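Take a look at the letters that make up each chain.
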Amino acid sequence: MNNDPIGVFDSGVGGLTTVKELVKLLPHENIVYLGDTARVPYGTKSSTTIATYAKQDINFLLGHDVKMLLVACGTISSAMMHEPIFENVTVSYSGVVLPTAEAACKATRNKRIGVLGTSATVKSQSFANAIKAIDPGIEVTSKACPMFVPLVENGYTDRDCKVTKLIAEEYLEIMKKNEVDTLILGCTHFPHLHDIIQDTMGSDVKLISSGAELARFAVDALTRDNALSDRQTEGQRKLYCTDSVELFTETAATFLGKDNNAQIAKCILKT
Ligand code: DGL
């Protein structure tokens, strides 16, 4: 049993997809979230810069005595496969890549999986490598979708949003052409475009949310390690951002809905 909070972080609001699933699965856990909204997007930056930012994010959360670190960001999760981001970290941690790749491999029927991510994620080939390690016979089509991130950060997520639909058509053309039956939303911002992506791909294609898969992985890991909280009351959520609290609060509400147990504050990261 461990009543310390779970630490979750992302470059912005996308990682709240992990928080939402965690709250659903483990309502008694305390959660500390960091969204580095002042520096989002990470996905267009070099792996050295992503690693530097990620270490600052991690140090902030370690300062809150977290029992586990969840990298709710496809971009950082991909960078950590090559950069020593977690070198001196002693608490348990996970990124989104391996839990998501496993879920996609289980879901595919025709062995054709698509991966949508940021430019850095797709360039790293992290998801493709993880999928091939599980089943070399699976064909992987990857596509960088950098414009999806600012669309989500700015709330262009409505199912009928003409701009987002047009961009989705362009990005997803290759997925339709290659007949993928399972599509990984390898950036934690993308589940917010779930309806547009599903409408564009058709209802037969299974969408896998990397943020939600990470939350499910965390539940299994904490259960296995006997590290769940024994709190009887609902857990507290502390959500930190590095830029405007007003903007974050607005966007966070579209991810989490109304959450009476969440406090939102601005923080300054040590560089
Ligand atoms: N949420 C980040 C991810 O999962 C994307 C945003 C960014 O580019 O920083 O990759």
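Every value quoted in this text rests on a predicted model; they were computed, and no experiment measured them.

What is the right way to look at the side chain of Ser126 in this model?
One can find Ser126 in helix 6 (residues 126-134). When its relative accessible area of 5% is taken as the criterion, Ser126 is described as buried. Dropping the residues within four chain positions of it, Ser126 is found in contact with Ser78, Met81, Val97 and Thr121.

Explain the sheet that holds strand 8 (residues 206-209) to me, please; I cannot follow it from the model alone.
Through backbone hydrogen bonds, the strands of a sheet pair up, either in parallel or in antiparallel fashion. Pairing in this open sheet of four strands is parallel, and the strands run 6-5-7-8 from one edge to the other. The outermost strands of the open sheet, each flanked by one partner alone, are strand 6 (139-144) and strand 8. The mean inter-strand angle of the sheet, taken between neighbouring strand axes irrespective of direction, is 20 degrees. Relative to strand 7 (residues 182-185), strand 5 (residues 112-117) runs parallel, the two sharing four bridges.

Whenever I open this one, the pattern of salt bridges confuses me. Can you help?
As enumerated under the stated definition, the model contains 14 salt bridges in all. For Lys67, the salt bridge goes to Glu29, with nearest N and O atoms at 2.7 Å. Here Lys67 is found in the loop between helix 2 (47-62) and strand 3 (68-71), whereas its partner Glu29 is found in the loop between helix 1 (16-25) and strand 2 (31-35), with 38 residues between them in sequence. Close ionic contact of Asp135 with Lys111 constitutes a salt bridge, the shortest N to O distance being 2.4 Å.

Explain the site of the ligand to me, please; I cannot follow it from the model alone.
In the vicinity of the ligand there are 14 residues, among which Ser11, Tyr42, Gly74, Thr75 and His189 approach most closely. A distance of 2.6 Å separates an oxygen atom of the ligand from a polar backbone atom of Gly74. Taking Thr188, its main chain carries an N or O atom lying 2.8 Å from an oxygen atom of the ligand. Across the shell around the ligand, the residue classes break down as six nonpolar, seven polar and one charged.

Looking at this structure, I do not really get the packing of helix 4 (residues 97-107) against helix 10 (residues 210-224). What am I missing?
When two helices pack together, you describe them by how their axes are tilted relative to each other and by the distance separating the axes. Where helix 4 contacts helix 10, the two axes come as close as 8 Å, and the packing angle between them is 105 degrees. Taken together, the axes of helix 4 and helix 10 lie roughly perpendicular to each other. Here Pro99, Thr100 and Ala103 of helix 4 come into contact with helix 10, specifically with Ser210, Glu213 and Phe217. Of the residues that constitute the contact of helix 4 with helix 10, the class distribution is three nonpolar, two polar and one charged.

Just to check I follow, could you spell out the sheet that holds strand 1 (residues 6-10) for this structure?
Here six strands make up an open sheet; going across it, the order is 4-3-1-2-9-10 and the pairing parallel. A single partner strand is all that each edge strand has here, and the edge strands are strand 4 (92-94) and strand 10 (262-266). Between one strand and the next, the sheet's axes are offset by a mean angle of 15 degrees, whatever the strand orientation. Pairing geometry for strand 2 and strand 9 (residues 237-241), over five bridges, is parallel. Bridge pairing in strand 9 links Leu34 to Tyr240. Where helix 1 meets the sheet, it contacts strand 1, strand 2, strand 3 and strand 9, and its direction lies at approximately 165 degrees from that of strand 2. Lying over the sheet, helix 11 (residues 245-256) contacts strand 2, strand 9 and strand 10, oriented at roughly 150 degrees with respect to strand 10.

The rules behind each value
- Residues numbered from 1 in each chain as written.
- Predicted model: local features only at pLDDT ≥ 70, side-chain atom pairs only at ≥ 80, totals over all residues.
- Heavy atoms only, no water.
- Helix = DSSP H or I, 4+ residues; strand = E, 2+ residues; numbered from the N terminus.
- Buried < 20%, exposed > 50% of the residue type's maximum accessible area, 1.4 Å probe, protein only.
- Contact = heavy atoms within 4.5 Å.
- Pairing = 2+ DSSP bridges.
- Axes fitted to C-alpha atoms, helices over the stretch in contact; angles between N-to-C directions.
- Salt bridge = Lys/Arg side-chain N within 4 Å of Asp/Glu carboxyl O.
- Near = heavy atom within 4 Å.
- Polar contact = N/O pair within 3.5 Å; in protein donor to acceptor, adjacent residues only side chain to side chain.
- Nonpolar A, V, L, I, M, F, W, Y, C, P; charged D, E, K, R; others polar.
- Parallel < 35°, antiparallel > 145°, perpendicular 65-115°, else oblique.

Treat this as a map of the structure, not an account of what it does.
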